[in-house]
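# Survey of secondary and tertiary structure
Given next are the chains, with one letter for each unit.
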Amino acid sequence: MKGALIGCGFFAQNQLHAWRDMDGVEIVALCDQNDERLRQCADDFAISRTYTDAAEMFAAGGFDFVDIATTAPSHRPLVTLAAEAGVHIICQKPFAETLADARAMVSAAASAGKTLMVHENFRWQSPIQAALQVVASGAIGDPFFGRFSFRSGYDVFSGQPYLAEGSRFIIEDLGIHILDIARAFLGDAHQISATTRRVNPNIKGEDVATMLLTHKGGATSVVDCSYATRRTPETFPQTLIEIDGTEGTLVLDAGYRLTVTGQISQSRDVAPPVLPWAQRPWHNIQESVLTIQQHFVTCLANGQIPATSGADNLQTLALVEAAYLSAAEGRTVSLADL
Ligand code: NAD
Ligand code: 89Y
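Keep in mind that what you see is a predicted model, and the values were worked out from it rather than measured. (Residues numbered from 1 in each chain as written. Chains lettered and ligands numbered in written order. Predicted model: local features only at pLDDT ≥ 70, side-chain atom pairs only at ≥ 80, totals over all residues. Heavy atoms only, no water.)

To continue, consider the packing of aromatic side chains. Taken as a whole and judged by the stated rule, the model has 13 aromatic pairs. With 6.2 Å between their ring centres and 85° between their planes, Phe150 and Phe236 make a pair best called edge-to-face. Highlighted residues: Phe150 in strand 7 (residues 143-151) and Phe236 in the loop between strand 10 (220-226) and strand 11 (240-245), separated in sequence by 86 residues. For Phe236, a relative accessible area of 5% corresponds to the buried category. Considering the side-chain rings of Tyr227 and Phe236, the 6.4 Å spacing of their centres and the 40° angle between planes classify their relative orientation as tilted. (Phe/Tyr/Trp six-rings, centres within 6.5 Å; stacked < 30°, edge-to-face > 60°. Helix = DSSP H or I, 4+ residues; strand = E, 2+ residues; numbered from the N terminus. Buried < 20%, exposed > 50% of the residue type's maximum accessible area, 1.4 Å probe, protein only.)

What follows is the structure in structure tokens.
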């Protein structure tokens, strides 16, 4: 399979490393509006076809899928171009700036008969997958409560300076992953209430968010996120989890320890591997990039819909929008009203 990648920035390096590690896939073309970044990436990954204009790259063709690794403002125009060009699509999170844009993108890919997957990789982290398997096995019975917690003081702004500049920050950038994890464990939610706060005076958006979700299956969850939390140990980028079920409890603790208390109790290390091109503490996220890209290729080969398809991601994006609305208006928001 041949692919093209758009957006040769901070995170795309991980995607390009992961593509290089995979059998049967080759990235044959690169695109970035920034010529310097484009050249550097082309040299680092030995990719000869380069473009500063995505429309030109699509017109030249010669690839089966496109991996869009740009920030959100360019997602709708690029996904639309890709659908018109008739290629399969991976698009980074946040999928879109508005729900209306996201719905239009899902519809464009569907009309073209092409697969659209959102690069929503956190649920693909191996510690999260290990915890999901425990719940799916029935070992803790029917889950009725979940806590999904991401609290850190790690400096994400040096690598991603745009995160300090937007009026929205933690829910849109990071909370989106944690809300998606809550959905992966407990199913879709129909209500959310949220509070937000900015602690760091050097950024524009909120860096603390506390959210309460009611899931359609009856479970309740708390999703709490902070980039203003100085703690020991510093757990970036770990999502800490507790799931209480009718037959037992699962806890994913700091340091990637998974403890199950139930009819059979066990505690084990589920730390992710450090891939040859990865660096701590990012290795957890970096491994999930490889896993989600493998999932995309497997789905294409087998004619399956990716777990984090564009259509699926509408539910995660709706939670993000509803959380901001709830925090702004001080009320519980029903997703059906969006
Ligand atoms: P970045 O700003 O470092 O890189 C984006 C690149 O896209 C830039 O080089 C820019 O020139 C290029 N670009 C923008 N619009 C373009 C267009 N229309 N055509 C061609 N090139 C264009 O951003 P980043 O930090 O790499 O983040 C990219 C996306 O990845 C963001 O949406 C971010 O939220 C996401 N991200 C995801 C994860 C994850 O774990 N899934 C982690 C970090 C970042
Ligand atoms: O952009 C974010 C993401 O998706 O994962 C972590 C991050 O890089 C900083 O919050």
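Between Lys93 and Pro94 the backbone carries a cis peptide bond, its omega angle lying at -20°. Backbone torsion omega between Phe236 and Pro237 reads -5°, so that peptide bond is classified as cis. Inspection of the secondary structure puts Pro237 in the loop between strand 10 and strand 11. Here the phi dihedral of Ala46 falls at roughly 50°; this positive angle occurs in a residue that is not glycine. Note that Ala46 resides in the loop between helix 2 (35-44) and strand 3 (49-51). On the accessibility criterion, Ala46 (71% relative accessible area) is exposed. The residue Tyr256 is not glycine, and still its phi comes out positive at about 60°. The residue Tyr256 is located in the loop between strand 12 (248-253) and strand 13 (257-261) in this model.

A few words now on the pairing of strand 8 (residues 189-197). Sheet topology note: the strand 8/strand 9 (residues 208-215) ladder contains eight bridges and is antiparallel. Its bridge partner lying in strand 9, Ala194 is registered against Met211. Pairing of strand 8 with strand 15 (residues 333-334), which is carried by two bridges, proceeds in the antiparallel orientation. Across the sheet, Ile192 pairs through a bridge with Val333, a residue of strand 15. (Pairing = 2+ DSSP bridges.)

The local shell around ligand 1 holds 24 residues, among which Asp32, Arg37, Lys93, Asn121 and Tyr162 are the closest. When isolated, ligand 1 has an accessible area of 850 Å², and the protein chains bury 88% of it. Among the cavities detected, the one that contains ligand 1 is the largest pocket. Its residues assigned to classes, the shell around ligand 1 comprises nine nonpolar, 12 polar and three charged. (Near = heavy atom within 4 Å. Areas by Shrake-Rupley, 256 points an atom, 1.4 Å probe, with all protein chains shown as cover. 1 Å grid on protein atoms, 1.4 Å probe; cavity = no way out; pocket = protein on both sides within 12 Å on 5 of 7 lines; lining within 4 Å. Sits in = over half its atoms within 2 Å of the grid points. Nonpolar A, V, L, I, M, F, W, Y, C, P; charged D, E, K, R; others polar.)

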